Every structure is written in structure tokens, then in C-alpha cells.
Amino acid sequence: MAFLDIRLKKVNKIYYEGDVLAGLVVVQSKSDVQHQGITLVVDGSVNLQLSSKNVGLFEAFYNSIKPIQLLNYVVSVAKPGKIPAGKTEIPFELPLKPKANKTLYETYHGVFVNIQYTIKGELKRPLLAKDLTKSIEFIVEYKDPKEKAQPKPVPFAITPESLQNIKDKGGLPRFSIKGKLDSAICCIKNPLTGTVVIEYCDAPIKSVEIQLVRVETCGCAEGYARDATEIQNIQIGEGDVCRGITIPMYMVFPRLFTCPTLATSNFKVEFEINLVIVLQDDHLITENFPVKLTRF
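Overview of the structure. (Residues numbered from 1 in each chain as written. Predicted model: local features only at pLDDT ≥ 70, side-chain atom pairs only at ≥ 80, totals over all residues. Heavy atoms only, no water.)

1. Notes on the packing of aromatic side chains
Inference 1: According to the stated counting rule, one finds 5 aromatic pairs in the structure shown.
Inference 2: Summarising the aromatic geometry, the rings of tyrosine 15 and phenylalanine 138 are spaced 6.0 Å apart at their centres and angled 85° between planes, so their arrangement reads as edge-to-face. On the criterion of sequence distance, the pair formed by tyrosine 15 in strand E2 (residues 14-15) and phenylalanine 138 in strand E11 (residues 132-140) is long-range, its members being 123 residues apart.
Inference 3: On the basis of relative accessible area, phenylalanine 138 is assigned to the buried category, the value being 0%.
Inference 4: Pairing tyrosine 108 with phenylalanine 271 gives two aromatic rings, centres 6.4 Å apart and planes at 85°, and the pair type is edge-to-face. Taken as a pair, tyrosine 108 in strand E9 (residues 108-109) and phenylalanine 271 in strand E20 (residues 267-279) lie far apart in primary sequence, 163 residues in all. As far as the burial class goes, tyrosine 108 and phenylalanine 271 line up, both buried.
Inference 5: One aromatic cluster is present, formed by Tyr15, Tyr117 and Phe138 through successive ring pairs.
Inference 6: Positioned above the aromatic ring of tyrosine 15 is the side chain of lysine 10, whose terminal nitrogen or guanidinium carbon lies 4.8 Å from the ring centre. (Phe/Tyr/Trp six-rings, centres within 6.5 Å; stacked < 30°, edge-to-face > 60°. Helix = DSSP H or I, 4+ residues; strand = E, 2+ residues; numbered from the N terminus. Buried < 20%, exposed > 50% of the residue type's maximum accessible area, 1.4 Å probe, protein only. Lys NZ or Arg CZ within 6 Å of the ring centre and 35° of its normal.)

Shown next, in the form of C-alpha cells:
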């Protein structure tokens, strides 16, 4: 039985445009391996998809959402021949350069937008033997500051009168919630911070939470589909929290599920923070804050 593996020199697998992808193709076998050549395929693409609720609305649009290829090339690392039994390591160096007129966006794993970079190794075998393949993902980040995070504090005050989209405000308990997001423009490497104070609330509180939401937009000339999905929810207050006490907000941005805010002609990736006060009867008081993420 033969095995194929790809190992990158960089342990963290983080690369920048213009870097060299250096590593080893490793072939292990208990006996000699005849092969028709070993190749590496480097691929980077943006995959877009529509949520099921939008499929019927945009038939023409649905067909036009094709993967956007940012990077794609094939390199031969070994000519046809025989690999001896045991462990064989074949070094490789590949330039990380985008296709013409393309940009290498940061790696991002979303629901409707996915930006992914992979190296796939393939050892072609003679007719009856099965080809050996191995695919690994590497991560691309921006090297140069496209935009630096400038602090933009957002003070807020939430009362029954300030809530939007509520028809019967008379049925709400009396409450006053104040606080501050330290900045609506955040460096993705630093945590989101802020404070919240429950000044008073007539109804007992069950939980105070902050929620990170991605807003993904896919589109073209036929129309745009915009979907918001939750990435993570962090509880910052448990039970009927003390009134008048400052509760700190602290949220680390998860690496693969967030990226610097991105807007192109075909898709957008944006982020929002929700402050959610869950009352004892499971009613929610929610305040939404759009935030902009940058790499630096």
C-alpha cells in the first residue's frame, strides 16, 4: 500500500501574495511504486451559492453564480518512473501569484461565500492501479494594510421607545440599557470590546449575550441575494444581572469564519454585532451594530 502526503514548510500555513509555497511531496510505500508522473495543482477560488429561499426568485441569476478563480496552475514535480520502497521526499517551491486582473482575497469560510486556497498532489499510476491524491488547504492573509482600524466609539442607549419594528410598545416592560462599543472599526487580530449597563428593567432577565453575525451578499446584474447568519454567541451576563453594574464585552474574532470586510462587484462579506438581552419569558431585546473589520 502506498501513501501520498504534502507538507508545507510553514507550520501555520499562512501565506501572502508574492510568497513562495515551499514544502515536500512525501511518498511512502513498502514496495517500489511505478508511476506516470507526480503533479501539484495550486487552486484558489471564491465559491458562491444561494440560500434555498432565493433559488426560485433568481433563475437566471442562479446559473450565473460560477466560482471566481483567483489562482490556478499545474506543476510537474516528478517525471514518469519508479519510486523505491520506503519514504521518498520531493521538495517543491511554487510562487503565490494571482491570475491576471485578480486579487488574492483572504481565506474565509462562510455559508454562501467561501474563499479557499488548496494544493492538490496527484501521483498517476499505471492502468489498473489507483491514482494517489492528497489535498491540503493553506491560508492567505493580506500583507499590506488596505485600511487601518481607526477607533470609532459607538455609545448606545436602549429604551422601549428606541426599539425599531415593534408595533405594541405598550406591552414592553420598562427598561434602560446603556453602554459603549469601543470601536465599530475593528482590527481582526484584536478582540471586540465594550461595556453594557442595565440601568433598570422591570422584567427579570435570563441572560445578556453578544452575537457575531456575517452578512453575505451574492449577486450580479440580475439581482442580489443578501443573507445574515450567526457565527458565534457569547454570554456576558447570566441570570437576573445586577442593575447599575458595568458588564464588560469581550469577543475574539474566529480566524476562518471572519475576514476583513470585503465588497466586490459579485459579492460582499460584512459583519454585525447584536447585543441581546433575553428576558425570563424568553422575549428578546436586541440592538444591532454594523462593524467593519480590517487586517491592520
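Now that the structure has been shown, we can carry on.
2. Details of the sheet that holds strand E3 (residues 20-29)
Inference 1: Ordered by their spatial adjacency, 3 strands build an open sheet running E1-E3-E8, and the pairing between neighbours is antiparallel. Either end of the sheet is taken by a strand with one partner, and the two such strands are strand E1 (2-8) and strand E8 (86-95). Each strand axis lies, on average, 20° off the axis of its neighbour in the sheet, ignoring direction.
Inference 2: The pairing of E3 with E8 spans 10 bridges and is antiparallel. Of the residues in E8, the one forming a bridge with serine 29 is glycine 86. (Pairing = 2+ DSSP bridges. Axes fitted to C-alpha atoms, helices over the stretch in contact; angles between N-to-C directions.)

3. Description of unusual backbone geometry
Inference 1: Despite not being glycine, lysine 13 has its phi angle at roughly 60°, a positive value.
Inference 2: Residue placement: lysine 13 occurs in the loop between E1 and E2.
Inference 3: Given a relative accessible area of 31%, lysine 13 falls into the partly exposed group.

4. Observations concerning the environment of aspartate 182
Inference 1: Mapped onto the elements of the fold, aspartate 182 is located in the loop between strand E13 (175-181) and strand E14 (185-187).
Inference 2: Placed 93 residues apart in sequence, aspartate 182 and glutamate 89 show a C-alpha to C-alpha distance of 51 Å.
Inference 3: Residue contacts for aspartate 182: discarding those within four places in its chain leaves Lys152, Pro153, Thr193 and Gly194.
Inference 4: Side-chain polar atoms of aspartate 182 contact the side chain of threonine 193, separated by 2.6 Å. (Contact = heavy atoms within 4.5 Å. Polar contact = N/O pair within 3.5 Å; in protein donor to acceptor, adjacent residues only side chain to side chain.)

5. Thoughts on the layout of surface pockets
Inference 1: Here the largest pocket is characterised by a volume of approximately 290 Å³.
Inference 2: Together, 17 residues line the largest pocket, and Leu163, Ile166, Leu284, Ile285 and Thr286 are the ones closest to its centre.
Inference 3: With 5 residues, strand E21 (residues 284-294) is the single largest residue contributor to the lining of the largest pocket.
Inference 4: Looking at the lining of the largest pocket residue by residue, the class counts come to 8 nonpolar, 7 polar and 2 charged. (1 Å grid on protein atoms, 1.4 Å probe; cavity = no way out; pocket = protein on both sides within 12 Å on 5 of 7 lines; lining within 4 Å. Points joined across faces, edges and corners; volume = space filled by probe spheres on them. Nonpolar A, V, L, I, M, F, W, Y, C, P; charged D, E, K, R; others polar.)

6. Focus: the environment of glutamine 150
Inference 1: In this fold, glutamine 150 is placed in the loop between E11 and strand E12 (154-158).
Inference 2: With 34 residues separating them in the primary sequence, glutamine 150 and alanine 184 have C-alpha atoms 9.0 Å apart.
Inference 3: Not counting residues within four places of it along the chain, the set of residues in contact with glutamine 150 comprises Ser183 and Ile185.

Without other data, these values stay purely geometric and don't point to any function.
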